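One letter stands for each residue in the lines below.
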Amino acid sequence: MGTLTTIALIILFITFMTFVTFFGRLPALRNTPISFLHRLIWIHLPSFFTTLDNRLTSGRFSSSFTRLFNYLMNDRHPTILIFFLLLLTIGEYLYLPTAWPQLSSPLTKTTAAISILLPYIFLYLSAFTDPGYITPQNHTSEMARYPYDFTLFHPGISCHTCFLLKPARSKHCSVCKRCIAKNDHHCIFINNCVGANNHHYFLLLLLSTAILTLYGGVLGIHLITKKMYLYFPQFNLLPWKANHGAGMTLTQWLVIWSWGLQDGVAMGAVTLLALLTSPLVWGLLGYHIWLVYCGTTTNESMKWSDWQYEMREGFAYKRRMAKNRQKDLGVEPGWTRWPAETEQIIVRTESGNPPAEDDKELAGVGPWENVWALKDVENLYDLGFWDNLVDVFVPWYMFRDPKKVSLNGGGLKNRKKRRARKIYLA
Ligand SMILES: [Zn+2]
Ligand SMILES: [Zn+2]
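Residues numbered from 1 in each chain as written. Chains lettered and ligands numbered in written order. Predicted model: local features only at pLDDT ≥ 70, side-chain atom pairs only at ≥ 80, totals over all residues. Heavy atoms only, no water.

(A) Spotlight on the coordination of the zinc ion (ligand 2). Those donors, Cys-173 (SG), Cys-176 (SG), His-186 (ND1) and Cys-193 (SG), are the protein atoms that reach the zinc ion (ligand 2), and they lie 2.1 to 2.3 Å from it. Each of the four donor atoms bound to the zinc ion (ligand 2) contributes to angles spanning 100 to 116°, and the resulting shape is tetrahedral. Donor residues for the zinc ion (ligand 2), ordered by position in the chain, follow C-x2-C-x9-H-x6-C. (Donors = N, O, S within 2.8 Å, 3.2 Å for Na, K, Ca; no water. Tetrahedral: all angles 85-135°; square planar, octahedral: opposite > 155°, others 65-115°.)

Listed below in structure tokens is the structure:
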């Protein structure tokens, strides 16, 4: 029992640390214990060890550690991708010899085989699909992908590295060393950016991995406990029920478990790993579906979070965009496949006072209005959950003549206003 408990604790610890690393930086979790732990692990502890190392070895240890860490985090290499592949493959190698012969019906065997296969397929597709690199050749069409919203993305800004105008919703990735269309984030698990062209594969990778871990975990528990229920009819999966129903003590309950696991300790360990990692994968999937629902990306949600702070401090102002606005076609696309144009512009001022109404440098017309919260502003890139999903899965569907676009009426007039507040339930 001792080894099993140790393995369980190690797996639990790794899962929890991964959770903190993934979710700790999310703006939605600011000022929560998760973000506090994230700061402790990634800022305070490293700085403590650096100080200690400076005293003891005059910084030799931390400088080589920093080099290794920078290599792992900031260079493009498949280390984490291989780790993910190994975890998946070794897990299945340990699990299947015990589990597969016990699967009786062809239907179970088929669903199991499909669940095993799909994460590999979507991992391959997410990792090796061009996420939407912006090149001089495709720059014109990439500029027409989305309009500028004059809030998160402004026309006329060039990338310092690629020397190309940055299309709306794009971001330069320092790891991939290119500008990526609708850049969500750089994912070290797929060793690639998640962008306009592989966002759907990434969501499907999360979904198929979430299903695999849940399926493997539940099936594993079912196979392990089948024999235990057979020999000990008073056994129950929940220790307190076994205690109340059959007077079974916790020790007896644990002894039955260790007896049940004798035939397949390896399968038992993988079952445990699957059950513990499953909530993490479902959580990540849920978070990314939430972003699609809000019509935003990981990158943009951070920009919205910054705006939220500016607004609370009273430094943010908005005004309307003129209906018959003349676009500067040198920096803005003449039309976009996205069926809506912006009607608001938002600026921040250093002084906290509104900008001058006749400021020619700033777009828009009329008086400036103070905005205090995300509920006062609109998110141009949110067309509603269904259309956002269409944009992720079949982006070319919206790449049509703007006059024929039927989505949400094809323009501002009929378009429902989608408030940016959705993002933080602010
Ligand atoms: Zn760039
Ligand atoms: Zn990248």
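(B) Quick peek at the packing of helix α5 (residues 106-128) against helix α7 (residues 199-231). The contact between α5 and α7 brings their axes to 8 Å, and the two run at 145°. Considering the relative orientation of α5 and α7, their crossing is left-handed. Every residue of α7 that contacts α5 at Thr-108, Thr-111, Ala-112, Ser-115, Ile-116, Leu-118, Pro-119, Phe-122, Leu-123, Leu-125 and Ser-126 is listed here: Tyr-201, Phe-202, Leu-204, Leu-205, Ser-208, Thr-209, Leu-212 and Tyr-215. Counted by class, the contact of α5 with α7 contains 13 nonpolar, six polar and no charged residues. (Axes fitted to C-alpha atoms, helices over the stretch in contact; angles between N-to-C directions. Helix = DSSP H or I, 4+ residues; strand = E, 2+ residues; numbered from the N terminus. Left-handed = near helix turned anticlockwise from the far one by under 90°. Contact = heavy atoms within 4.5 Å. Nonpolar A, V, L, I, M, F, W, Y, C, P; charged D, E, K, R; others polar.)

(C) Molecular detail of the UniProt feature "transmembrane region" (unreviewed entry) in the protein chain. The UniProt record marks residues 6-24, 77-95, 107-127, 201-221 and 266-293 with the feature "transmembrane region" (unreviewed entry), using the residue numbering of this structure. Counting secondary structure, residues 201-221 comes out at 100% helix and 0% strand; the distance between its end C-alpha atoms is 30 Å. Helix and strand shares over residues 266-293 are 100% and 0% respectively, and the end C-alpha atoms of the span are 40 Å apart. (UniProt positions renumbered as here; feature names shortened; annotations may be inferred.)

(D) Expanded view of the coordination of the zinc ion (ligand 1). Distances from the zinc ion (ligand 1) to its protein donors, Cys-159 (SG), Cys-162 (SG), His-172 (ND1) and Cys-179 (SG), fall within 2.0 to 2.3 Å. Coordination at the zinc ion (ligand 1) is tetrahedral, judged from the four donor atoms that bind it and the angles of 102 to 118° they form at the metal. Each donor residue of the zinc ion (ligand 1) lies on the same chain, and together they follow the pattern C-x2-C-x9-H-x6-C.

(E) Examining a nonpolar patch on the surface more closely. On the surface, Phe-36, Leu-40, Leu-45, Phe-48, Phe-49, Leu-52 and Leu-56 cluster together to form a nonpolar patch covering roughly 700 Å² of accessible area. Following the sequence through the fold, Leu-56 ends up in helix α2 (residues 33-57). Judged by relative accessible area, Leu-56 falls into the exposed class, the value being 68%. (Patch = residues over 30% accessible without salt bridge, like charges linked within 9 Å, V, L, I, M, F, W, Y side chains within 5 Å. Areas by Shrake-Rupley, 256 points an atom, 1.4 Å probe, with all protein chains shown as cover. Salt bridge = Lys/Arg side-chain N within 4 Å of Asp/Glu carboxyl O. Buried < 20%, exposed > 50% of the residue type's maximum accessible area, 1.4 Å probe, protein only.)

(F) Quick look at helix α12 (residues 385-393). Taken together, the buried positions of α12 are Asp-387, Asn-388, Val-390, Asp-391 and Val-392. Packed against the buried residues of α12 are α7 and α10 (265-294).

(G) Layout of the packing of aromatic side chains. Inspection of the entire model under this criterion finds 15 aromatic pairs. When the ring of Tyr-231 is compared with that of Trp-259, the centres are 5.4 Å apart and the planes differ by 75°; the resulting orientation is edge-to-face. On the criterion of sequence distance, the pair formed by Tyr-231 in helix α7 and Trp-259 in helix α9 (residues 250-261) is long-range, its members being 28 residues apart. Judged by centre distance (5.9 Å) and plane angle (70°), the ring pair of Trp-253 and Trp-257 falls under edge-to-face. Taken together, the residues Trp-253 and Trp-257, both in helix α9 and four residues apart, mark about one turn of the helix. By relative accessible area, which is 12% here, Trp-253 ends up buried. Overall, Trp-257 belongs to the buried group, its relative accessible area being 12%. Ring pairing ties together the aromatic residues Tyr-146, Phe-153, Trp-338 and Tyr-381, which thus form one cluster. Lying over the aromatic face of Tyr-146, Arg-169 brings its terminal NZ or CZ to 4.7 Å of the ring centre. For Arg-337, the ring lying beneath its charged end belongs to Tyr-146, and the centroid distance is 4.7 Å. (Phe/Tyr/Trp six-rings, centres within 6.5 Å; stacked < 30°, edge-to-face > 60°. Lys NZ or Arg CZ within 6 Å of the ring centre and 35° of its normal.)

(H) Region of interest: the domain arrangement of the protein chain. Partitioning the protein chain into structural domains gives domain 1 (1-75), domain 2 (78-131 + 183-294) and domain 3 (298-423). On a C-alpha basis, the centroid separation for the pair domain 1 and domain 2 is 25 Å. Between domain 1 and domain 2, the contact holds 13 residues from the first and 16 residues from the second. Buried surface at the junction of domain 1 and domain 2, both sides included, amounts to about 1,400 Å², of which 89% is carbon and sulfur. Taken together, domain 1 and domain 2 are joined by zero salt bridges. Between domain 1 and domain 2 we count zero residue pairs in polar contact (both at pLDDT 80 or more) in total. Those elements that place two or more of their residues in the side of domain 1 that touches domain 2 are α1 (2-23) and α3 (60-74). Looking at the side of domain 1 that touches domain 2 element by element, the count peaks at nine residues for α1. For the side of domain 1 that touches domain 2, the class distribution of residues is 11 nonpolar, two polar and no charged. (Domains from an automatic or database assignment. Buried area = accessible area lost by both parts, 1.4 Å probe. Polar contact = N/O pair within 3.5 Å; in protein donor to acceptor, adjacent residues only side chain to side chain.)

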